[in-house]
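# Coordinates in review
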Amino acid sequence: MSSSADSADGSVSRLQFWTLYLSRFAGGFGSIALIIVLPKIATDLGIDGVAFGLLYTAYTLAQTVAVVPLAWAGDRYDKRIVLLGTLVIGIATYAAFSVVTDGSGLLAVRAMQGVVFTGMGLMTLGLVGELATTGTRASRIGRANAASFAASIVGGLSAGALYDYFGGSRELFLLITGLYVLTFLATALLLSADETRVEGFPFADLALNRRILTLTSFRAQYSVAVTLVRNWIPVFAGYAAASGGLAMPAFAVSVITVSEKFTNMLLQPYTGRLSDASGRALFVFAGGGAYGVVAVLVPFTPALGDMLGLPSTLPVLGAVSAAFLPLLLLNAGLGIADSFREPASMALFADEGSDGDGVASSFGIRELVWRPGSVVGPVAAGWLMGSVGMESVFFVGGGFAVLGALTFLGVLRRYHGASALREW
């Protein structure tokens, strides 16, 4: 990686940033591991039906409830202390996962995992945003996000294998617990105290911030797009052919799913640096619009594979579909598009809070704006899949992304001037 951000950040130790990157990695690894092994754990404990659905609802609700108090505490007090406290809860939570024996216990620790993931995300991004200078903020956030994507890739490919190897999840959770302990020690020893203090309730002021409202005009719509497209790519790849899917084997679905995270991980440190230099609003607009364009092409991958005469059987993966390679490339393209948007968007939110208005609360608002779309999106996608057809999910998702980008452009020009796209 280039040292330009390191030199520009002046007196801030490089080790402090790497400590925060480690925290992002630990949070991402724990999250993806649960996504993969939770159905197996539920099966082992005899949990199904509504009780199984509650495991996901509890996680989402806990995240939503935790945003405001954790962000407030981070701005009002020392973010480092709040992060350390969150890591302690994380250690206890993942240790508890290894010994839970019934549905109510699993539900409780699943909810605590939501609190831990939210707290770590808000505090690490808040600290990165404060430690970085204005000219390196998106680059630093891009590196932090790359660490999280790396964890998703490593965890996504290894969690299931570890579960199968050990014949259960206990050893996997002990490994995650150890990773959290290491992260706690690194944070306690290497991360300096956060001396920023914001009095009052910064959410109230930031919620009316004109720039944040402008960003919200894009983000509220884009959350629907990403929730639909990102979650339904693996559904499209693995679902039964009779229901509109491609019925690919599980490992092939994993490879396709990971491709988006892989390109996102590789590019975010560099796209973040480019947006620092070229205008972050431009990257939000371009990345969001491109995401929508790529998304609407997904349903055409079977026809494209057939037209090009691509193989429907591949070494290691087995019988896939002629759509495998086009779908793999398109999902990787979604990661490329989102790598332009994400660090620039995060840096814009951090800009509004890092001047003393409350950077953790700024990220908290960003998180809350995402919630309605992420909750409504899966329900809408399920209805579309059953009533209209699988391909409609991607058309609607892509449409929301393009509409969000155009709305953002219109609001920018109307309230901030024609030059705002390049000046922000």
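Located above this text is the structure these notes cover.
Residue positions are counted from 1 within each chain, in the order its sequence is given. In view of the model being predicted, local features appear only for residues whose pLDDT reaches at least 70, and side-chain atom pairs are presented and counted only at 80 or more, with totals across whole chains, interfaces and linings using the full set of residues. Side-chain descriptors were evaluated using all non-hydrogen atoms of the structure, hydrogens and water having been removed beforehand.

Helices and strands together make up the secondary structure of the protein chain, namely 16 helices and two strands. Note that the radius of gyration is over C-alpha atoms, with the globule rule given as 2.2 Å times the number of residues to the power 0.38. For 424 residues, the compact-globule estimate of 2.2 N^0.38 gives 22 Å, and the protein chain sits close to it at 21 Å. Burial classification: accessible surface area is computed with a 1.4 Å probe over protein chains only, and a residue below 20% of its type maximum counts as buried, one above 50% as exposed, and the rest as partly exposed. For the protein chain, the residues scored as buried account for 54% of the 424 residues in total. Note on contacts: a residue pair is in contact if any heavy atoms of the two residues lie within 4.5 Å. Excluding contacts between residues fewer than 6 apart, the proportion of contacts in the protein chain whose partners are at least 24 apart in sequence is 84%. Just so you know, the count uses Lys and Arg for positive and Asp and Glu for negative, and it drops His and the chain ends. Where a charge lies is defined by one atom per residue type: Lys uses NZ, Arg uses CZ, Asp uses CG and Glu uses CD. Positive and negative side-chain charges of the protein chain, numbering 25 and 26 respectively, have mean locations separated by a distance of 4 Å. Numbering goes from the N terminus for both helices and strands, where a helix is a DSSP run of H or I of at least four residues and a strand is a run of E of at least two.

The subject of this paragraph is the pattern of salt bridges. When a carboxyl oxygen of Asp or Glu is within 4 Å of a side-chain nitrogen of Lys or Arg, the pair counts as a salt bridge. What the rule picks out here adds up to 11 salt bridges. Across the pair Arg280 and Asp276 runs a salt bridge, and its minimum N-O distance is 2.6 Å. Neither residue differs from the other here; Arg280 and Asp276 are each classed as buried. The partner of Asp338 in a salt bridge is Arg341, with the nearest N and O atoms 2.8 Å apart. Of the two residues, Asp338 and Arg341 are both situated in helix 13 (residues 324–353); the distance of three residues between them amounts to about one turn of the helix. Linked through salt bridges whose partners overlap, the residues forming this network are Asp75, Lys79, Glu130 and Asp194.

Another point: helix 7 (residues 170–190). The span expected for a helix works out to 1.5 Å for each residue beyond the first. The end-to-end C-alpha distance of helix 7, which contains 21 residues, comes to 30 Å, matching closely the 30 Å that a straight helix rising 1.5 Å per residue would cover. Buried residues along helix 7 sit in contact with helix 2 (14–44), helix 4 (79–97), helix 5 (103–131) and helix 6 (137–166).

What follows covers a nonpolar patch on the surface. In this analysis, a patch consists of residues with relative accessible area above 30% that form no salt bridge, clustered at 9 Å for like charges and at 5 Å for the nonpolar side chains Val, Leu, Ile, Met, Phe, Trp and Tyr. Surface exposure here means Shrake-Rupley accessible area, sampled with a 1.4 Å probe, where a residue is shielded only by the protein chains that are shown. A cluster of nonpolar residues, Leu15, Val181, Leu185, Leu189 and Leu190, forms a patch on the protein surface that exposes about 460 Å² of accessible area. With four residues, the top contributor of residues to the nonpolar patch is helix 7. Looking at the element boundaries, Val181 is found in helix 7. Judged by relative accessible area, Val181 falls into the partly exposed class, the value being 34%.

Once that is clear, we can look at the packing of helix 2 against helix 7. Close contact between helix 2 and helix 7 brings their axes to 10 Å; oriented N to C, the two are set at 165 degrees. Considering the angle they form, helix 2 stands roughly antiparallel to helix 7. Between helix 2 and helix 7 lies a crossing of left-handed hand. For helices, the fitted axis covers only the stretch in contact; all axes are lines through C-alpha atoms, and the angles between them, taken along N-to-C directions, range from 0 to 180 degrees. Throughout, the term roughly parallel applies to angles under 35 degrees, roughly antiparallel to angles over 145, roughly perpendicular to angles from 65 to 115, and oblique to all others. By convention the crossing between two helices is left-handed if the near helix lies anticlockwise of the far one by an angle smaller than a right angle, and right-handed if it lies clockwise.

For the rest of this paragraph, the subject is the environment of Gly287. Following the sequence through the fold, Gly287 ends up in helix 11 (residues 280–295). As for Gly287 and Leu334, which are separated by 47 residues in sequence, their C-alpha atoms are 9.2 Å apart. Each residue touching Gly287, except ones within four places of it in the same chain, is listed here: Ala337, Phe340 and Arg341.

Let's shift gears to the packing of aromatic side chains. Centres within 6.5 Å make a pair out of two Phe, Tyr or Trp rings, where for Trp the six-membered ring is used; the pair is then stacked when the planes are under 30 degrees apart, edge-to-face when over 60, and tilted otherwise. Per the stated rule, a full pass over the model turns up 15 aromatic pairs. Here Phe25 and Phe29 contribute two aromatic rings whose centre-to-centre distance is 6.2 Å and whose plane-to-plane angle is 25 degrees, an arrangement assigned as stacked. With a gap of four residues between them, Phe25 and Phe29 both fall in helix 2, about one helical turn apart. The class of Phe25 is partly exposed, set by a relative accessible area of 23%. Accessibility expressed as a relative area gives 6% for Phe29, which makes it buried. Charge-over-ring contacts are defined here by two conditions on Lys NZ or Arg CZ: a distance within 6 Å of the ring centre and an angle within 35 degrees of the ring normal. Cation over ring: Arg140 sits above Phe17, and NZ or CZ is 3.8 Å from the ring centre. Across from the ring centre of Tyr415, 5.0 Å away, lies the NZ or CZ of Arg414, which sits over that ring.

Taken N-terminus to C-terminus, the directions of helix 4 and helix 5 make an angle of 150 degrees; their axes are 9 Å apart at the nearest point. On the basis of their axis angle, the class for helix 4 and helix 5 is roughly antiparallel. Like other packed secondary-structure pairs, helix 4 and helix 5 cross with a definite hand, here left-handed. Residues are sorted three ways: Asp, Glu, Lys and Arg are charged, Ala, Val, Leu, Ile, Met, Phe, Trp, Tyr, Cys and Pro are nonpolar, and all the rest, Gly among them, are polar. Across the contact of helix 4 with helix 5, the residue classes tally to 14 nonpolar, seven polar and four charged.

Moving on, we come to helix 11. In a regular helix each residue adds 1.5 Å, so 16 residues correspond to 22 Å; helix 11 covers 22 Å between its end C-alpha atoms and thus fits that length. All of the buried residues along helix 11 are Arg280, Ala281, Phe283, Val284, Gly287, Gly288, Gly289, Tyr291, Gly292, Val294 and Ala295. In this fold, the buried residues of helix 11 make contact with helix 6, helix 9 (210–238), helix 10 (250–278), helix 13, helix 15 (390–416) and helix 16 (420–423).

Its identity as a non-glycine residue notwithstanding, Ala247 has a phi of 55 degrees, on the positive side. Relative to the elements of secondary structure, Ala247 occurs in the loop between helix 9 and helix 10. For Ala247, a relative accessible area of 42% gives the class partly exposed. A positive phi is found at Val316, a non-glycine position, where the angle reads about 75 degrees. If you trace the backbone, Val316 turns up in the loop between strand 1 (313–314) and strand 2 (318–319). Given a relative accessible area of 79%, Val316 falls into the exposed group.

Assignment of secondary structure puts Ser31 in helix 2. Sequence-distant contacts of Ser31, defined by excluding residues within four places in its chain, comprise Tyr59, Tyr94, Gln113 and Phe117.

Looking now at the side chain of Glu342. With respect to the element layout, Glu342 can be found in helix 13. Leave out the neighbours within four places in its chain, and Glu342 touches Asn145, Phe149, Asn264, Gln268 and Arg366.

Let us now look at the environment of Leu403. Here Leu403 shows up in helix 15. Here the alpha-carbon distance between Leu403 and Phe203, two residues 200 residues apart in the chain, equals 27 Å.

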